[in-house]
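Survey of secondary and tertiary structure
Read off the chains here:
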Amino acid sequence: MTQERAPILEALTRMKANRLVPFDVPGHKRGRGNRELVDFLGQQCLDVDVNSMKPLDNLCHPVSVIKDAEKLAAEAFGAAHSFLMIGGTTSAVQAMVLSTCKPGDKIILPRNVHRSAINALILCGATPVYVNPQVDERLGISLGMKVEEVIAAIKNNPDAKAVLVNNPTYYGICSDIATITKVAHEHGMKVLADEAHGTHFYFSKKLPPSAMSVGADMAAVSMHKSGGSLTQSSLLLTGKDINAGYVHQIINLTQSTSGSYLLMVSLDISRRNLALRGEEIFDKVIDLVEYARDEINYLGGWYAYGKELADGGAVYDFDVTKLSIFTRSVGLAGVEVYDILRDEYDIQLEFGDIANVLAYVSVGDRVKDIERLVSALADIKRIYRKDPSRLMKVEYIDPIVDAAPKEAFYADKVSLPIDETVGKTAAEFLMCYPPGIPILAPGERITKEILDYVHYAKRKGCQITGPEDMTIKRLQVMA
Amino acid sequence: MELWFSEQHTPNVRLSLKVDKQLFSETTEFQRIDIFDSTEFGRLLVLDGRIMVTERDEFIYHEMITHVPMCVNPEVKRVLLVGGGDGGSARELLKYDTIEKIDLVEPDKTLVRACQKFIPQTAACLDNPRIDIFFADALKFIRRKSNEYDLIIVEYIDPFGSGEGLFTKEFYGNCFNALREGGIMVNQHENPFYSLDAAAMQRAHKRLASSFPTVRVYQIHIPTFPAGQWLFGFASKKFHPTNDVDFNRWKSLGLQTKYYNTKIHTGAFALPSYVIKSLQAAE
């Protein structure tokens, strides 16, 4: 089978031609039972919203077309095996952690992981060993892990089972995943890569190396981000030393038994597109982003950072398809710029944090949209510019881990007004969303610094999520 | 044989003109360009199926988009024309000896060349040494200008197509920045009659009003445009379009015009009640 094939697409097309009479779920019966849904989504979409059946295979136990599609995806990404995931990259990250760690096991990871990784620790009861991601003081963003710090963590925790690496971070920062993989393997540890923001690494020579290309053991790849598939679809890749059958069992613990064919076929079609045209597509994206970066930096004030951040250490490499823009030098918090762009200029960005915004650029963008973004930034600078000293500088807050996430999450808890929690141990998450990196994870000590940051972020308009109390006035701590 | 060109004004309304022959047709990276010879309206310039210029009625549009701001501020020396590759507005502006230089930004070179070849009535003036033509993206061009122009005229159409970037706050804001003190901008605002066009008009008005201290709307009547009625947005840093205007000074220039005169200048700012209501709703 070649990459020109798309087995799930082909099977669905055959099924449509067969005009089956559906006496199975879903109950909308090709939309006939729900005209409003058809009017909104379109007949073509409802025609293929079907359940698994013999000609379409079964995601829980693939033996035919899904198996073929997974084989083609594995080949396209240079993996030994791949799994189509329908629960988002969150489910892929959790499957990686659950496949390699058991209760009480240690896992080495940077603190700026996505919440899904720490959620996985709550599920499996593993204990995190955090490596301090260095912080760029000027930009206020967490970077990657320095190799020497990972080596120190490995030496200090020889019983750890795995090392998790962001490849890259939301902002495009890469650690030296090749060396980390080599060292981890020498110490018998598995390497897991969160590639939620790195699908394109597999299809361009101009970008940092992908996890599979350097021999990492597992990778969670967000096909729905730069890969172009539907939201919530994702891929889990495994290397040659991973028991795919066991991973499959782990996935089936939590995965829906009614996997959506819309999601699966979108993965199949997108994989084919990337395999056949990926290099050309990402060349175009790289050119677009480089152009935008040059134009934004020409405006002055804003700083759209790029490869110059790379220092061989905490920023081992930079993903040039990321258009991250530092806003604090214009006197505006990233989240303020994010709101102004949407409310005043009808431009929606991916996210704004305390000092940066991220514009997500993909093959779907046009030069004239880039011109709009750049011109809007020029106009915002003219109209809204403020004194940068009014803004808080962000520093990395080293977490004090009092308890493993699972222990804290399931512990007896008390709910306190948030300002009375200093010195206690958090029993729930606290994070800005996006990017969804926890400020506090269950089991971590609450400090005044952390609360100051949370109040500041809230005041600037960040959406704070995590606690049971959605107004974020109270926080649960370990009793 | 009968050959008719039809423009779809709405899904349910069309305007048809009898044409003699097609002189030019090309699809560029920006748009489809067609030029016809018509029986009643002379040469027609059609972009993406929309009539932009006819030899017979273009004077109405081009006179009213230029002489209104020029009468308000006769001291204008530097002008930027955005769009307007047909040359009609440039022709009117060249009547003023006081204008030193006109920059014309038009992304589509093919359009300018085709107009020069087939519609000399408007485009013959484009080789005048006072005109500099820039084949560039207008949004990018304007972004790099600050305090340079006394008058900016925006002739882009189609806020949902090729011109979408030019009906935005970022464009108007960057125009404000490119204008000197006392600068004026005139923007074509579509027609207020058909609902989709009226929504575009409201949007343009809202965005313009958020970028300039003084914004007024005026109208013209032109047979080949949808609804026969067309609006312009007049935005300025300082001048009001009708109060304190020295109309005698304009008259003393002795310029020849077919539609524009100082009475219609004032009258054009008087709007039908439904248009006023629609503009107020947008503000």
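Residues numbered from 1 in each chain as written. Chains lettered and ligands numbered in written order. Predicted model: local features only at pLDDT ≥ 70, side-chain atom pairs only at ≥ 80, totals over all residues.

**Describing the overall build of chain A**
Note the threshold: Runs of H or I in DSSP of at least four residues are treated as helices and runs of E of at least two as strands, each being numbered from the N terminus. Counting other C-beta atoms within 10 Å of a residue's own tells you its class, since 20 or more makes it buried, 12 or fewer makes it exposed, and anything in between is partly exposed; those C-beta atoms are placed from the backbone.
Helices and strands together make up the secondary structure of chain A, namely 14 helices and 20 strands. Projected onto its principal axes, the C-alpha coordinates of chain A cover approximately 65 × 55 × 45 Å. The buried share of chain A, taken over its 479 residues, is 51%.

**Regarding the overall build of chain B**
Condition: Here the globule rule reads 2.2 Å times residues to the power 0.38, and the radius of gyration is calculated from C-alpha atoms. For the purpose of contact definition, each residue receives a C-beta atom placed from its backbone, and two residues are in contact when these atoms lie within 7 Å.
The helix and strand inventory of chain B stands at 10 helices and 12 strands. Its C-alpha atoms give chain B a radius of gyration of 18 Å, within 12% of the compact-globule value 19 Å for 283 residues. Taken along its principal axes, the extent of the C-alpha atoms in chain B is 55 × 45 × 35 Å. Counted over contacts in chain B with a minimum sequence separation of 6, partners at least 24 positions apart contribute 67%.

**Section: the interface of chain B and chain A**
Here is the rule we go by: Note that Gly is not counted as nonpolar here; it falls among the polar residues with everything else outside the nonpolar set of Ala, Val, Leu, Ile, Met, Phe, Trp, Tyr, Cys and Pro and the charged set of Asp, Glu, Lys and Arg.
Facing the 12 residues of chain B at the interface are 12 residues of chain A. At the level of secondary structure, the elements contributing two or more residues to the side of chain B that touches chain A comprise helix H5 (138-143) and helix H6 (169-178) of chain B. With six residues, the top contributor of residues to the side of chain B that touches chain A is H6(B). Class assignment of the residues belonging to the side of chain B that touches chain A gives a composition of two nonpolar, five polar and five charged.

**Thoughts on the sheet that holds strand S10 (residues 179-188) of chain B**
Where strands meet in a sheet, backbone hydrogen bonds hold them as pairs that are either parallel or antiparallel. Residue and element names in this part refer to chain B. Note the cut-off: Only strands that DSSP links by at least two bridges are regarded as paired with each other. To get an axis, fit a line to the C-alpha atoms, keeping to the stretch in contact for a helix; angles then go from 0 to 180 degrees between the N-to-C directions.
The strand order S8-S7-S6-S9-S10-S12-S11 describes an open sheet built from seven strands, whose pairing is mixed. Single-partner strands in this sheet number two, and they are strand S8 (131-134) and strand S11 (214-221). Between one strand axis and the next, the sheet turns through 15° on average, direction left out of account. Bridging between strand S7 (residues 101-105) and S8 involves four bridges; their strand directions are parallel. Looking across to S8, one finds that leucine 104 is bridged to isoleucine 133. With respect to the sheet, helix H1 (residues 58-72) is in contact with strand S9 (149-154), S10, S11 and strand S12 (229-236), its orientation differing from that of S10 by roughly 160°.

**Quick look at the domain arrangement of chain A**
Residues and elements named next belong to chain A. Heads up, the rule is: All the domain ranges listed were derived from an automatic or database domain assignment.
Taken domain by domain, chain A consists of domain 1 (7-275), domain 2 (278-390) and domain 3 (405-478). At the level of secondary structure, the elements contributing two or more residues to the side of domain 1 that touches domain 2 comprise strand S7 (173-174) and helix H10 (261-299). When the residues that make up the side of domain 1 that touches domain 2 are grouped by side-chain class, the tally is 14 nonpolar, nine polar and three charged.

**Focus on helix H5 (residues 88-100) of chain A**
What counts, and what does not: To estimate the expected span of a helix, count its residues, drop one, and scale the result by 1.5 Å.
In this model H5(A) runs 19 Å from its N-terminal to its C-terminal C-alpha over 13 residues, within 8% of the 18 Å that 1.5 Å per residue would give. Regarding H5(A), the residues found buried are A:Thr89, A:Thr90, A:Ser91, A:Ala92, A:Val93, A:Gln94, A:Ala95, A:Met96, A:Val97, A:Leu98, A:Ser99 and A:Thr100.

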